[in-house]
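What the coordinates show
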Amino acid sequence: MRKHHKLLFQRLLPGRASKPYTSASHLATPAATAAISAPSCLSALDLVDAGELAPTPRLYQSLITACARSRSLAGARAVHAHLSRSRLAADAFLLNSLVHLYCRCGAVSDARGVFDGMPGRDVVSWTSLIAGYAQNDMPAEAVALLPGMLEAGSKPNGFTFASLLKAAGACGERGVGEQIHALALKCSWDENVYVGSALLDMYARCGQMDMAVAVFDRLDSRNAVSWNALIAGFARKGEGENTLMTFAGMQRNAFEATHFTYSSVFSALAGIGALEQGKWVHAHMIKSGEKLTAFVGNTMLDMYAKSGSIIDARKVFDRVDQKDLVTWNTMLTAYAQYGLGKEAVAHFEEMRKCGIQLNHITFLSVLTACSHGGLVKEGKHYFNMMKDYNVEPEIDHYVSFVDLLGRAGLLNEALVFVFKMPMKPTAAVWGALLGACRMHKNAKIGQFAADHVFELDPDDTGPPVLLYNIYASTGKWDDAARVRKMMKATGVKKEPACSWVEIENSVHMFVADDDTHPNAAEIYRMWEEINMRIRKAGYIPNTDYVLLHINEQERATKLQYHSEKIALAFALINMPAGATIRIMKNIRICGDCHSAFNYVSKVFKREIIVRDTNRFHHFSNGSCSCGDYW
């Protein structure tokens, strides 16, 4: 047995295989410490119990380090139990190391047990536990330790403040963060680059970008962490332009962008649909040598999809190394947003074939795709399939299923489904039914659905507008006037429609009948030409989409200057021949504009992509990707 122990311990020491064991001091060397693995810890403890290895502080620290490196909770508990029985059971340094070890293994309750049993605590003890809570998604518990730390007379250091600020940012508690900021000022830690980075990250996570910028500007020295914190803050706020400007500033100051940087920038650009800037950042990433991992690839894919380039999104998907569930789901969501139902179904089936673990987002995306593509049979099949994957339908799935039935005109079936739901229908569920009634001009069920929405969410301005549109589109002007009167009495206002188009890094926005643009006269002349040419090709204005009680001629005139049509005319004037036109719209594109854009794509030989609140429409050669079903 003694010989076996000696040989086992020799394997813990690199470069000593041919030398016999002589003393426990070998374990104190850096090489020996690096060599110990978590399983070997138990063997080393056996040597201690056998009296062949001295239980020194260095030995225990080496074992703790090995367990921390491998995040071995079993090893941590074994070392802890052995230490508790030794003469070093009250050693403050080793107990602090145990707190850190347990936190690193994710066993924060074990760490708290060690902390509570310590005969004395120093700043390292408090900081280790605070950091452990912050790193294990328990921010409230981390912040709650600060009063006790101060009462015990322990003065926080830079590491303490960095962890506390991280926790405050995760809580989203601006008031708590401001108090910690004040304490950092009092303790003269606010100008430390690490504390400063954590401070601006806290303000950014709390949505206080003015304060985050102020902290950033005061930093004597900045590092990649502080730049990334500021970029991520702007990205979370959806401030694409500021995100891009800060990214450019980071490059000018010679700080190398990381995958965190690129992910934040792509996320911000996805929010504003800035394709050209996104391509520029993509090119910069390639030049920097950054690999296309799933972490960055997922946000890049989302950026291309939301910027109107499903082809580029698919290219990114194909090139991502080691695709994860988010990668697959993001591509599936993109297909759904573009109304490419068949492609979405094929992608979903490929996920199943590859053994990807489907989740609630996967099913929500495929249901949305089926809804927008009119694939009722497939949508019913996938809704029922959820139980096979142990995915419990959430309210969003029910909303999507009601939308699926409603869009297909199965309003009675949708109403029965709502009544049979195992949970109480929310305003969103009734809203989906109301939206379907607007499409199919069913005033009876529409009024019923609207009444439920009013009851559940009286502050929602959308349902009254939809109900008014239903009555107006069916010629029930008295009922429409009644709803209009109710809207006026409650202060409900219809959101004004606007469209915008990006040309040469400048965004041009338009509203209906817009004459404020410097080139308004030229734009209107262009639309007159467009209108004339597409009418010759067969376009007939659909006056059903003018929801005003006026004569037919006035209705036809009202249709001609919707915001998306003005944006289209402007783009045709200013963009080179053959270039794809991308237009954003803040509400659903109207049916007449949709019809007109079909004709424009054919007559002018242009690809036109419109992103509205519901989805993307890709017009090409006289037809739309949605198949005129949306």
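Shown above is the structure to which this text applies.
Please read these numbers as outputs of a predicted model, since none were measured by experiment.

Observations regarding helix α20 (residues 325-337)
In this model, α20 (13 residues) spans 18 Å end to end at C-alpha, consistent with the 18 Å of a helix rising 1.5 Å per residue. Looking only at α20, the buried set comprises Thr-327, Trp-328, Asn-329, Thr-330, Met-331, Leu-332, Ala-334, Tyr-335 and Ala-336. Sitting at the amino-terminal end of α20 is Asp-324, which places a side-chain oxygen 3.1 Å from the backbone nitrogen of Val-326. Trailing α20 by a residue or two, Gly-339 shows a phi angle of about 70°, which is positive.

Some thoughts on the pattern of salt bridges
Inspection of the entire model under this criterion finds 13 salt bridges. Note that Lys-380 and Glu-413 form a salt bridge whose closest N and O atoms lie 2.9 Å from each other. In this pair, Lys-380 is assigned in helix α23 (residues 376-385) and Glu-413 in helix α25 (residues 411-419), connecting sequence segments 33 residues apart. Note on Glu-413: relative accessible area 34%, which makes it partly exposed. One salt-bridge network, in which partners are shared between bridges, spans Asp-201, Arg-205 and Arg-236.

Some words on the sheet that holds strand β4 (residues 608-611)
The 6 strands lie next to each other as β2-β1-β3-β4-β5-β6, forming an open sheet whose pairing is mixed. Of all strands in the sheet, those with a lone pairing partner are β2 (506-511) and β6 (623-624), marking the two edges. Where helix α32 (residues 563-574) meets the sheet, its contacts fall on β1 (498-503), β2, β3 (581-585) and β4, and the angle it forms with β1 comes to roughly 15°.

So, the packing of helix α10 (residues 158-171) against helix α11 (residues 174-186)
In the contact formed by α10 and α11, the axes pass within 9 Å of each other and the chain directions differ by 165°. One element, α10, and the other, α11, form an angle in the roughly antiparallel class. For the pair α10 and α11, the crossing hand works out as left-handed. Residues Phe-161, Leu-164, Leu-165 and Ala-168 of α10 pack against Val-176, Gly-177, Ile-180, Leu-183 and Ala-184 of α11.

Describing the packing of aromatic side chains
Any two aromatic rings considered together are summarised by their centre-to-centre distance and by the angle between their planes. A full pass over the atoms with the stated rule returns 22 aromatic pairs. Taken together, a centroid distance of 5.8 Å and an interplanar angle of 75° make the contact between Phe-383 and Phe-417 edge-to-face. With Phe-383 in helix α23 and Phe-417 in helix α25, this pair connects stretches of sequence that are 34 residues apart. The class for Phe-383 is buried, based on a relative accessible area of 12%. By relative accessible area, which is 16% here, Phe-417 ends up buried. A cation over an aromatic ring shows up here: Arg-121 above the ring of Phe-115, its NZ or CZ 4.4 Å from the ring centre.

Notes on the pairing of β2
The sheet contact formed by β1 and β2 spans 6 bridges and is antiparallel. Each residue of the ladder has a partner; that of Glu-502, found in β2, is Val-507.

What counts and what doesn't
- Residues numbered from 1 in each chain as written.
- Predicted model: local features only at pLDDT ≥ 70, side-chain atom pairs only at ≥ 80, totals over all residues.
- Heavy atoms only, no water.
- Helix = DSSP H or I, 4+ residues; strand = E, 2+ residues; numbered from the N terminus.
- Expected span 1.5 Å × (residues − 1).
- Buried < 20%, exposed > 50% of the residue type's maximum accessible area, 1.4 Å probe, protein only.
- Polar contact = N/O pair within 3.5 Å; in protein donor to acceptor, adjacent residues only side chain to side chain.
- Salt bridge = Lys/Arg side-chain N within 4 Å of Asp/Glu carboxyl O.
- Pairing = 2+ DSSP bridges.
- Contact = heavy atoms within 4.5 Å.
- Axes fitted to C-alpha atoms, helices over the stretch in contact; angles between N-to-C directions.
- Parallel < 35°, antiparallel > 145°, perpendicular 65-115°, else oblique.
- Left-handed = near helix turned anticlockwise from the far one by under 90°.
- Phe/Tyr/Trp six-rings, centres within 6.5 Å; stacked < 30°, edge-to-face > 60°.
- Lys NZ or Arg CZ within 6 Å of the ring centre and 35° of its normal.

Remember that the coordinates give geometry; whether it matters functionally is a separate question.
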